[in-house]
Amino acid sequence: MAETLRIALAGLGTVGAGVIRLLGENGGLIAQRAGRPIEITAVSARDRTKDRGIDISSYAWEDDMTVLAAREDVDVVVELVGGSDGPALALARKALAAGKDLVTANKAMVAHHGLELGELAESQGAAMRYEAAVAGGIPAIKGLGEGAAANRIERIYGILNGTCNYILSEMESTGRDFADVLGEAQALGYAEADPTFDIEGVDAAHKLSLLAALAFGTRLDFDAVATTGISRIRAADIAQARALGYVIRLIGLADCENADGSRHLFQRVAPYLVPVSHPLAGVGGATNAVVAEGNYSGRLLFEGAGAGDGPTASAVVADLIDIARGNVPPPFSLPVSQLEASAPADPGNRRNRAYLRFLVADRPGVLAEITAAMRDAGVSIESMIQQGQPGDEDDPVLVAMVTHEGPEGAVERAMELLAGSPSLADEPLVMRLLG
Ligand SMILES: NC(=O)c1ccc[n+]([C@@H]2O[C@H](COP(=O)([O-])OP(=O)(O)OC[C@H]3O[C@@H](n4cnc5c(N)ncnc54)[C@H](OP(=O)(O)O)[C@@H]3O)[C@@H](O)[C@H]2O)c1
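Residues numbered from 1 in each chain as written. Predicted model: local features only at pLDDT ≥ 70, side-chain atom pairs only at ≥ 80, totals over all residues. Heavy atoms only, no water.

### Thoughts on the UniProt feature "active site" (unreviewed entry) in the chain
- When the UniProt feature table is mapped onto this chain numbering, "active site" (unreviewed entry) sits at K207.
- You can see K207 is positioned in helix α9 (residues 202-216).
- Of the residues examined, K207 reaches a relative accessible area of 4% and is grouped as buried.
- Apart from the residues within four sequence positions on either side, K207 is in contact with K107, A133, V134, A135, L160, N161 and N288. (UniProt positions renumbered as here; feature names shortened; annotations may be inferred. Helix = DSSP H or I, 4+ residues; strand = E, 2+ residues; numbered from the N terminus. Buried < 20%, exposed > 50% of the residue type's maximum accessible area, 1.4 Å probe, protein only. Contact = heavy atoms within 4.5 Å.)

So, in structure tokens, the structure goes:
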């Protein structure tokens, strides 16, 4: 058997400990498949004395994780610390500059600095792999970058954040409201103490930007992802969607078109109404799913655990096996210099049906005001439901409507016409129907 692939692990938390357990338990078969043993030589984390439930006594310890990059007994640095900048980025830069291969699960770092790191990797002849950064245990990067490599990808979309999907699924099955389910998810450890990145869609946007670069051969552009989270969704919206034959899912969606001689990349993370018959409607709990539509493959669906020590470690070690085999395609399928620049696509001309929810004052004339704004903006209403009994004038009433298919720009115009109206108790909620 060929020489051992020697790795250094930075970060011994959920994922790092999972990698140590996986390499220990499946070491024999991993060595067989990789063609050589994969062994940890050195590790680093914040606290050397912490009980991690794993034996790290046979590995060298570095207090300063960036020192791992300079060790002669290390071929691959595995970064499992997290954070877009700070020590994780310093380590990644040093490792690649030293000609070491880099494996990371850090979507935030790759979304923000992937082009720089990819260029550095290429200039050093090193590998940069990040399978675990998108949808945990699902081989979405490999599936898209290798399995579907012969296709022109028409569209890529999916459920990219397990916390949001868990919250929406719970709201759906229990009828409870967002804040209530979020509190429970935090108590159970399914949501972070500070859940902002998850519930406001930022984590999904990190992942979507990586998938988009890979799918369309465009330069990574995280800043151009239009991001809306799930915190404004009410139990009543879920019930209305259900009555119409839909479930609500936080969807990351990207496509790319050529127009006027340049590429226009559309990237959006937002809650969508998904028809119950669509495969993504059945993806419940913390599960993730990625759909890629290839011009020859047709619709490909990758589904599985988007987080957790085992699934994420599985993706990290898959990258290590590829490196051990010498299977190291460029980080974004194409060399960074060949990725094409793109302009953010104008969503105004995209044609969609939309779900609109208003909280309105319970008094005469309000519905007429809303429907007049729709008419003036050219939005055609397909159905409308008013919820609740007429009661106290001060209690707002929920009005939900679904539009016929039309340009998104028309709905935006209608919202502008209604902005600031004293009839509205809250900013209207707009969600698109997944076509
Ligand atoms: N958890 C998942 O299911 C999952 C799924 C996909 C991707 N990821 C990604 O994987 C990465 C790791 O996630 P995780 O859940 O394993 O995180 P975690 O449990 O919080 O572990 C982070 C590790 O990094 C160490 N660390 C943090 N700051 C450090 C610093 N300044 N200097 C040295 N060490 C430091 C910690 O040391 P101590 O242990 O000593 O405190 C800990 O061992 C993140 O990029 C995350 O986004 C995680």
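Picking up after the structure, the text goes on.
### So, unusual backbone geometry
- Unlike most non-glycine residues, D260 shows phi in positive territory, near 50 degrees.
- For D260, a relative accessible area of 78% corresponds to the exposed category.
- Even without being glycine, S333 reaches a positive phi, approximately 75 degrees.
- Mapped onto the elements, S333 comes out in the loop between α11 (309-325) and β13 (343-344).

### Focus: the UniProt feature "binding site: NADPH" (unreviewed entry) in the chain
- In the numbering used here, UniProt assigns the feature "binding site: NADPH" (unreviewed entry) to K107.
- Judged by relative accessible area, K107 falls into the partly exposed class, the value being 25%.
- Leave out the neighbours within four places in its chain, and K107 touches A133, D203, H206, K207 and L210.

### Details of the site of the ligand
- Looking at the ligand, there are 22 residues lining it, with L12, V15, D47, R52 and G308 nearest.
- Within the contact set of the ligand, an oxygen atom lies 3.0 Å away from a backbone nitrogen or oxygen of G13.
- In this structure, an oxygen atom belonging to the ligand sits 2.8 Å away from a main-chain N or O atom of D47.
- A total of 900 Å² of accessible area belongs to the ligand in isolation, and the protein chains cover 77% of it. (Near = heavy atom within 4 Å. Polar contact = N/O pair within 3.5 Å; in protein donor to acceptor, adjacent residues only side chain to side chain. Areas by Shrake-Rupley, 256 points an atom, 1.4 Å probe, with all protein chains shown as cover.)

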